[in-house]
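Residue-level listing of the chains:
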Amino acid sequence: MATIVVDGRPYEADPARNLLDVCLSHKLDLPYFCWHPAMGSVGACRQCAVKQFKDENDTRGRLVMACMTPAADGARFSIADPEAKAFRASVIEWLMLNHPHDCPVCDEGSECHLQDMTVMTGHNERRFRFPKRSYVNQDLGPFVNHEMNRCIQCYRCVRFYRDYAGGADLDVFGVHDGLYFGRAGDGTLESEYAGNLVEVCPTGVFTDKTLKRHYARKWDLQTAPSICVHCSLGCNVIPGERAGELRRIRNRYNREINGHFLCDRGRYGYEFVNDERRVRRALAPHGPDRSADPLDPNEAIARVAPLLAGRVVGIGSPRASLEANFALQTLVGPDRFFQGISTRDKRLVDTALALLREGPSRAPTLHEVERADAVLVLGEDAPNTAPRLALALRQTAGVVPRQAVAGIPRWHDNAVRELIQDAKTPIYLATPVATRIDDLARRGQHAPPEEIARLGFAVAHALNADAPPVGGLAPEVAALAEEIAGVLRAAERPVVVTGTSCGSEAVLRAAAQVAWACGAGLCCVLPECNSMGLALLGGGSLDDAARALSDGDTLIVLENDLYERTTAADALLARAGHVVVVDHLAHATGARAHTLLPAGTFAESDGTLVNNEGRAQRFFQVFAPSGHSIRESWRWLRDVMNAAGRAEAAGWHALDDVIAALAAARPDLAGVRDAAPSAAWRFAGNKVARLPHRATGRTALHADRSVHEPRAVPDPDAPFNFSMEGAGVELPLPAALVPRFWSPGWNSEQALHRFQEEVEGPLRGGTPGVRLVAPGAGPIPWWRDPPGPFRRREGEWRVVPLHHVFGSDPLSMLSPGVAQRAPAPYVALAPADALGAAVVVTGEGFAATLPVRVLPELTPGTAGLPVGLVGPLPAVVEVKPA
Amino acid sequence: METPLTGRIRADGEVVTLAEYRRAGGYEGLRRALGMTPAEVQAEVKASKLRGRGGAGFPTGIKWSFVPMGPDAPRPKYVVCNADEMEPGTFKDRLLMEGDPHQLVEGMIIAAHAIEASVGYVFLRWAYRTAERRLRRAIAEAYEAGLLGRDILGRGVDFDLHVHVSAGRYICGEETALLNALEGKRANPRAKPPYPQVSGLFGKPTVVNNVETFVNLPHILARGAQWFDGLSTLSADGGTKLYGVSGRARRPGLWELPIGSTAREILYERAGGMRDGYRLRGFLPGGASTDFLTEAHLDMPLDFDTPMKHGSRLGTGTMILLDDRTCPVGMNANLQRFFAQESCGWCTPCREGLPWVSRLLDAMERGDGRPGDLEKLAHHAHFLGPGHTFCALAPGAAEPLQSGLRLFREDFERHIAERRCPYGGSA
């Protein structure tokens, strides 16, 4: 550690960091634009100028840019120096020459970094008397709005989009004061990370287009810490609500997972919460047209409670919270609780969990993936199944070459990039089809899952002779396996990435075997947001449920559309005497319900999700839904149990009681209690306010009905108030309870550094969440039975599931923008198999005429079908000319 | 008086061919250099006190000495010739390249040997079509004669030389912006350190020198450092310098003179003095990005160090005259319009400050100057200064602005007070 002097006071500093970073880490106010904590320094905006003095006798000093100046031991600086202050104000003045004075109508207003910095420098008088420049804006697609007139040319957008996220269709055009940041022409931004521009842009050039449709200022948004529900990674998010409508999702920094960035599925998939297909009242559909009269909640409970006297089978869901699933499991008993996923999917997830629990390899966090020095990806198309992981891998690519850079500080971004050129960390990819991170791979293979698994097993054998060999490998595959083994062996922090998405247990086992053979981290992508939680909870598959269900039994389906899961949904539902569906969306399963109970979405309930690393994370209710019908799934199940006179749920007054019951029933899951502070947490007697203290119209919003201020909805489940009263975010909150990033003078999300221990460090109080899954301590459970090679069978095409970031997740598909980005149904075939522009594809419970996408890398005898777009996928199909 | 750099250039405008160049002793410097170790070549150039002729005057031998040498040094290393001559009033490199291109080729091979570079680029201003044609031809001749390519002159040295024609931006003359442009990127400058000697073209060790710097090398190597240093007795600097005059002189032009020659000699003895009816009010000694000097400075030696002591710079050594019938505000408006247009747009003060300066000066020329405008100009002259911006473009632009404001303040004030240009000009 070094000591530097700022305005006469000594501060501890890491000499490997730059002065701006150090000042912000010490919570000193110093304005900046082009620097970004995740992207380093480029010295463009000149906003962070300070005075540097040679020694204590130097009184003149010279202006330096803090972001480009190492915090060297003994260095002396001044932020308060009059010339430095004047220069910083002058930079704002220059940036304001052409910036429109449209804050009142700008979507960025109230969380604009440019506003904050302008106020910070004190510049307030306009001396420029000439006309402002203006630009034509572009239509950038459904997610991001473009307003170039507001641009202050900080270059952050292109640096994020191109350098950080690997995009190609956003660039900077023109020169001098005529720069243009946009696409070559109108059109949808292609990157699945484009939505981050909304947060990366320090002003209102790139704003959230979905927010624009139902706009509210940051200070008017009710927020709570939440978890993304659109894949298994568990990115931390900040949903914002006003007047009963979810308005947007923002990133919630979690150093170990999402850092500063989200994918567009996570950011824009929220609109199902506001969808007209929402179930908002309890219903008892009847008659041939399934028409339904709304039921009073108590009527609905009274209707279901007597059914508990008979046999009840429960089907849970990997998109419902651990608490909701546990409530159902409690209601029906562990033997009659089923996971609501197909046998194939359950086997995959169970295999993944077993590999993480029984083998010696730990699941790395995304932050650890980002620091790996060698990576093998087996089978997983991460950009489509876990996009934030793919973005992490793009950063991994720079790790090894950056390690080799000597004499240049890590934060000197352009200089480091210039030195490393195209050098990359060794990353090997083996996937069924090409992925959008193939450009990162040193080498790889596109092959059917068996062949991917065989490659993996061969790598494992090359690394460790205890792992069994693979017979009959092609010489080039054997050579590739040797090469990969050599790289992994030499690495200090190797990581193996795999997942369930290619539908192969063999691939999962092969990946684990490689990780075990070289001591690598094992990053395993799972299908859904709580797949891991559900697997931990236990319970059979949908096929098991069908076997357990006797004719006339009551069937309770929790937050699940069985028609997405199995082609046997009709048969299953038909046999039930009474179908109870607890869900927030109307869907095909709900249409078959005898009783439909309206559940809260993630934004209207609290609970715990367990991500792919086995980390239990709490999401908190963002807003209280209007009316009294919608309630948390676990509450419906509790109410039914209580009404039926069942004792188990009698003490479940609040979420903490459910968690306590879970911990008591399942000591292995007791860690869930510590995922976040309980509802009893207080700061000086106060809960945390979900609303900013500046929320406007608190009384006016309801004035058409009553001039009296409505009483805030009580919340027994969380240490938050549905109100602006209570502890504010400027207080030192536990990291899991930070509902938004804001600090006096820092209205934008750039306030983050005030919540971190240091820039890029963990949040104060530590990273939220608790690991429920730990590696096994026993002998390595080597898999002895690598699969044989893929052999094509006459008249049969092996189905390869193909995932789409926009399209394969049903919830997000209710967002119009996501649906717009999704492909139309298709079948992908190898060139040799492409029998025409469209083909008839048939399989077990599957028949469709689909347009053909020819994929040169696909192996003949395999057929790619898009997950989520054509119904449940059979294992094999037949393909005939249309 | 010796004129080693321009002596062979033909009066008829035709190019000096390889045969002619060799007859006049060409490539003898190279032959001698190839007989020396790179370290010895560097030592010879260091001893000659040759300083970079692009404008900054950094000692060439010292510049080279920062290049990592030896078997472990990153490779390939590059030698790049900055021939993107776009400084207003400057046309010296054009003459050298059009008239005697082999001199540049030879200089670059010597430099390549000195730093063990294997690839070279001439980064050429797009408008220099004749120079391009003649350089390409000279390079082809050199390849044919075994002076370029593998095993040059049988001495085991390899060097390939390419001509890259610039897309045409003033900022490409900034050596790191030039390197970015050469890599196919936007021509934005890079932050230094790292310097190009360590991380230059494609991140590899690179030396960027000006055309005029390179063409001195064959002579230093052929005739020795001492001879070179002795070419001028007028200054601590060695060698000759190409000096130019543009503006209302009787005979504007370009001359090779011992470095340290005075402005008076250049203007009155070479350029024939001012045209009839014009009086000298001031001059920019070395291109548009140098501070105004006045008659009082006419007897000052124009070498690298002396003008600095008087608040200006030698720059490219090609002076632009301001006469008494030309409006100093209008001249500055013209210059600032150029600099504003040529800003790369990377850093805020340059991108936003220069257009504001340009608009203020244009307004004054239109008769729309207002009280307070001079304070705004002075504010920019200060805050666009060295260290405040990302590269030297804006500080260069600030030089004629701040010296103009100081030396011709009355003119600026009259523009505002009279709400017109007293010289009858309009922007």
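Residues numbered from 1 in each chain as written. Chains lettered and ligands numbered in written order. Predicted model: local features only at pLDDT ≥ 70, side-chain atom pairs only at ≥ 80, totals over all residues.

## Looking at the overall build of chain B
Phase 1 of the analysis: For chain B, the helix and strand inventory stands at 17 helices and 8 strands.
Phase 2 of the analysis: In summary, chain B has a C-alpha radius of gyration of 22 Å against a globular reference of 22 Å for 427 residues, a match within 12%.
Phase 3 of the analysis: With the C-alpha coordinates aligned to their principal axes, the bounding extent of chain B is approximately 75 × 45 × 35 Å.
Phase 4 of the analysis: For chain B, with 427 residues in total, the buried portion stands at 58%.
Phase 5 of the analysis: Residue pairs at least 24 apart in sequence account for 71% of intrachain contacts in chain B once pairs closer than 6 positions are excluded. (Helix = DSSP H or I, 4+ residues; strand = E, 2+ residues; numbered from the N terminus. Rg over C-alpha atoms; globule rule 2.2 N^0.38 Å. Buried ≥ 20, exposed ≤ 12 C-beta atoms within 10 Å, placed from the backbone. Contact = placed C-beta atoms within 7 Å.)

## Re the overall build of chain A
Phase 1 of the analysis: The helix and strand tally for chain A stands at 25 helices and 36 strands.
Phase 2 of the analysis: The C-alpha radius of gyration of chain A comes to 28 Å, within 12% of the 29 Å expected for a compact globule of 882 residues.
Phase 3 of the analysis: Summarising its shape, the C-alpha atoms of chain A cover approximately 90 × 80 × 55 Å along the three principal directions.

## Some thoughts on the nonpolar core
All names here are of chain A.
Phase 1 of the analysis: Of all hydrophobic cores here, the largest spans 403 residues; its most connected members are Leu389, Leu393, Val459, Val496, Val514, Leu522 and Ala863.
Phase 2 of the analysis: The greatest single-element share of this core, amounting to 11 residues, is contributed by helix α18 (residues 505–518).
Phase 3 of the analysis: In this structure, Val405, Ala415, Leu419 and Ile420 belong to the second largest nonpolar core, which totals 5 residues. (Core = buried A, V, L, I, M, F, W, Y, C linked by C-beta atoms within 7 Å.)

## What to know about the pairing of strand β2 (residues 119–124) of chain B
Put simply, side chains in a regular strand alternate between the two faces of the sheet.
Residues and elements named next belong to chain B.
Phase 1 of the analysis: Where burial is concerned, most of β2 is hidden: 6 out of the 6 residues are buried.
Phase 2 of the analysis: Burial along β2 is two-sided: Val119, Tyr121 and Phe123 facing one way and Gly120, Val122 and Leu124 facing the other are all buried.
Phase 3 of the analysis: Examined bridge by bridge, strand β1 (residues 78–83) and β2 share 6 bridges and lie parallel to one another. Note that in β2 the partner of Ala83 across the bridge is Leu124.
Phase 4 of the analysis: Both β2 and strand β3 (residues 160–165) contribute to a ladder of 6 bridges, which runs parallel. Opposite Gly120, over in β3, you have Leu161 as the bridge partner.
Phase 5 of the analysis: Regarding the hand of the β-α-β motif, the stretch spanning β2, helix α7 (residues 129–144) and β3 is right-handed. (Pairing = 2+ DSSP bridges. Right-handed = clockwise from strand over helix to strand, strands pointing away.)

## Comments concerning the environment of Gln197 of chain B
Residue and element names in this part refer to chain B.
Phase 1 of the analysis: Positionally, Gln197 belongs in the loop between α8 (175–182) and β4 (206–210).
Phase 2 of the analysis: Taking the C-alpha atoms as reference points, Gln197 and Ser65, separated by 132 residues in sequence, lie 8.5 Å from one another.
Phase 3 of the analysis: Excluding residues that lie within four positions of it along the chain, Gln197 makes contacts with Lys63, Phe66, Val67, Pro205, Thr206 and Val207.

## So, the packing of helix α6 (residues 101–115) of chain B against α7 of chain B
All names here are of chain B.
Phase 1 of the analysis: Packing of α6 against α7 leaves a shortest axis separation of 9 Å and a crossing angle of 55 degrees. As summarised for this structure, α6 and α7 are arranged oblique, according to the angle between their axes. For the crossing formed where α6 meets α7, the hand is right-handed. Counting all contacts with α6, which are made through Pro101, His102 and Val105, the residues of α7 involved are Arg134, Leu135, Ala138, Ile139 and Ala142.
Phase 2 of the analysis: Here the residues of the contact of α6 with α7 are counted per class, giving 6 nonpolar, 1 polar and 1 charged. (Axes fitted to C-alpha atoms, helices over the stretch in contact; angles between N-to-C directions. Parallel < 35°, antiparallel > 145°, perpendicular 65-115°, else oblique. Left-handed = near helix turned anticlockwise from the far one by under 90°. Nonpolar A, V, L, I, M, F, W, Y, C, P; charged D, E, K, R; others polar.)

## Some details on the interface of chain B and chain A
Phase 1 of the analysis: In this complex, chain B contributes 26 residues to the contact, which on the side of chain A involves 28 residues.
Phase 2 of the analysis: Of all elements in the fold, only α13 (328–342), α14 (348–366) and α15 (373–383) of chain B reach the threshold of two or more residues within the side of chain B that touches chain A.
Phase 3 of the analysis: Ranked by residues supplied to the side of chain B that touches chain A, first place goes to α14 of chain B with 8 residues.
Phase 4 of the analysis: Tallied by class, residues from the side of chain B that touches chain A come to 12 nonpolar, 9 polar and 5 charged.

## Quick word on the environment of Pro734 of chain A
Residues and elements named next belong to chain A.
Phase 1 of the analysis: Relative to the helices and strands, Pro734 resides in the loop between β29 (720–721) and β30 (770–771).
Phase 2 of the analysis: Look at Pro734 and you get partly exposed, because 18 C-beta atoms sit within 10 Å.
Phase 3 of the analysis: As a C-alpha pair, Pro734 and Cys45 span 689 residues in sequence and 34 Å in three-dimensional space.
Phase 4 of the analysis: Ignoring any residue separated from it by four or fewer positions in sequence, one finds Pro734 in contact with Pro677 and Gly765.

## Thoughts on the confidence of the model for chain B
Phase 1 of the analysis: In the predicted model, chain B carries a mean pLDDT of 96, and 99% of its residues have values of at least 70.
Phase 2 of the analysis: The complex model carries a pTM of 0.97, and its ipTM stands at 0.96. (pLDDT = per-residue confidence, 0-100.)

## Concerning the sheet that holds strand β7 (residues 280–284) of chain B
All names here are of chain B.
Phase 1 of the analysis: If you trace the 4 strands from one edge of the open sheet to the other, you get β6-β5-β8-β7, paired in mixed fashion. Looking at which strands have only one partner, the edges of the open sheet turn out to be β6 (253–258) and β7. Between one strand axis and the next, the sheet turns by 30 degrees as a mean value, whatever way the strands run.
Phase 2 of the analysis: Alignment of strand β5 (residues 240–246) against strand β8 (residues 318–323), held across 3 bridges, turns out to be parallel. Bridge pairing links Ser246 to Ile320 in β8.
Phase 3 of the analysis: The sheet strands contacting helix α11 (residues 263–270) are β5, β6, β7 and β8, and the helix crosses β6 at an angle near 130 degrees.

## Here's the deal with helix α3 (residues 113–121) of chain A
Residue and element names in this part refer to chain A.
Phase 1 of the analysis: All buried positions along α3 are accounted for by His113, Leu114, Asp116, Met117, Thr118 and Thr121.
Phase 2 of the analysis: Turning to α3, the residues buried within the fold contact α2 (82–96).
Phase 3 of the analysis: The positive-phi residue at the C-terminal boundary of α3 is Gly122, with phi of around 85 degrees.

## Points about the sheet that holds strand β26 (residues 607–610) of chain A
Residues and elements named next belong to chain A.
Phase 1 of the analysis: Strands sit in the order β26-β27-β30 across an open sheet of 3 strands; the sheet is antiparallel. The open sheet is flanked by β26 and β30, the only strands paired with a single partner.
Phase 2 of the analysis: Pairing of strand β27 (residues 615–619) with β30 involves 2 bridges; the strand directions are antiparallel. Each bridged residue has a counterpart across the sheet, and for Ala616 the counterpart in β30 is Val770.

## Brief notes about helix α4 (residues 156–164) of chain A
All names here are of chain A.
Phase 1 of the analysis: Inspection of α4 places Arg156, Cys157, Arg159, Phe160, Tyr161 and Tyr164 among the buried residues, and these make up the whole buried set.
Phase 2 of the analysis: Where the residues of α4 are buried, they touch β8 (180–182), α5 (197–200) and β9 (206–208).
Phase 3 of the analysis: Trailing α4 by a residue or two, Gly166 shows a phi angle of about 75 degrees, which is positive.

## Thoughts on the domain arrangement of chain A
Residues and elements named next belong to chain A.
Phase 1 of the analysis: When cut into domains, chain A gives domain 1 (2–96), domain 2 (102–122 + 131–213), domain 3 (214–274 + 677–767), domain 4 (276–341 + 528–665), domain 5 (355–361 + 368–384 + 395–526) and domain 6 (797–881).
Phase 2 of the analysis: The gap between the C-alpha centroids of domain 5 and domain 6 is 27 Å.
Phase 3 of the analysis: Taken together, the contact pairs 12 residues of domain 5 with 15 residues of domain 6.
Phase 4 of the analysis: Split by residue class, the side of domain 5 that touches domain 6 holds 7 nonpolar, 4 polar and 1 charged. (Domains from an automatic or database assignment.)

## A closer look at the domain arrangement of chain B
Phase 1 of the analysis: Taken domain by domain, chain B consists of domain 1 (18–229), domain 2 (240–323) and domain 3 (328–418).
Phase 2 of the analysis: Tallied by class, residues from the side of domain 1 of chain B that touches domain 2 of chain B come to 3 nonpolar, 4 polar and 4 charged.

## Points about the environment of Gly486 of chain A
Residues and elements named next belong to chain A.
Phase 1 of the analysis: The topology assignment puts Gly486 in helix α17 (residues 475–490).
Phase 2 of the analysis: The partly exposed category is assigned to Gly486, around which 15 C-beta atoms lie within 10 Å.
Phase 3 of the analysis: Taking C-alpha positions, Gly486 is 9.0 Å from Val459, a pair spaced 27 residues apart along the chain.

## Section: the pairing of strand β12 (residues 236–242) of chain A
All names here are of chain A.
Phase 1 of the analysis: Taking burial as the measure, the 7 residues of β12 include 7 buried ones, the bulk of the element.
Phase 2 of the analysis: Going residue by residue along β12, you find Asn236, Ile238, Gly240 and Arg242 tucked away on one face and Val237, Pro239 and Glu241 tucked away on the opposite face as well.
Phase 3 of the analysis: Relative to β12, strand β10 (residues 222–223) runs antiparallel, the two sharing 2 bridges. Its bridge partner being in β12, Gln222 is matched across the sheet by Glu241.
Phase 4 of the analysis: In terms of strand pairing, strand β11 (residues 226–227) meets β12 through 2 bridges, oriented antiparallel. Counterpart to Ser226 in the pairing with β12 is Val237.

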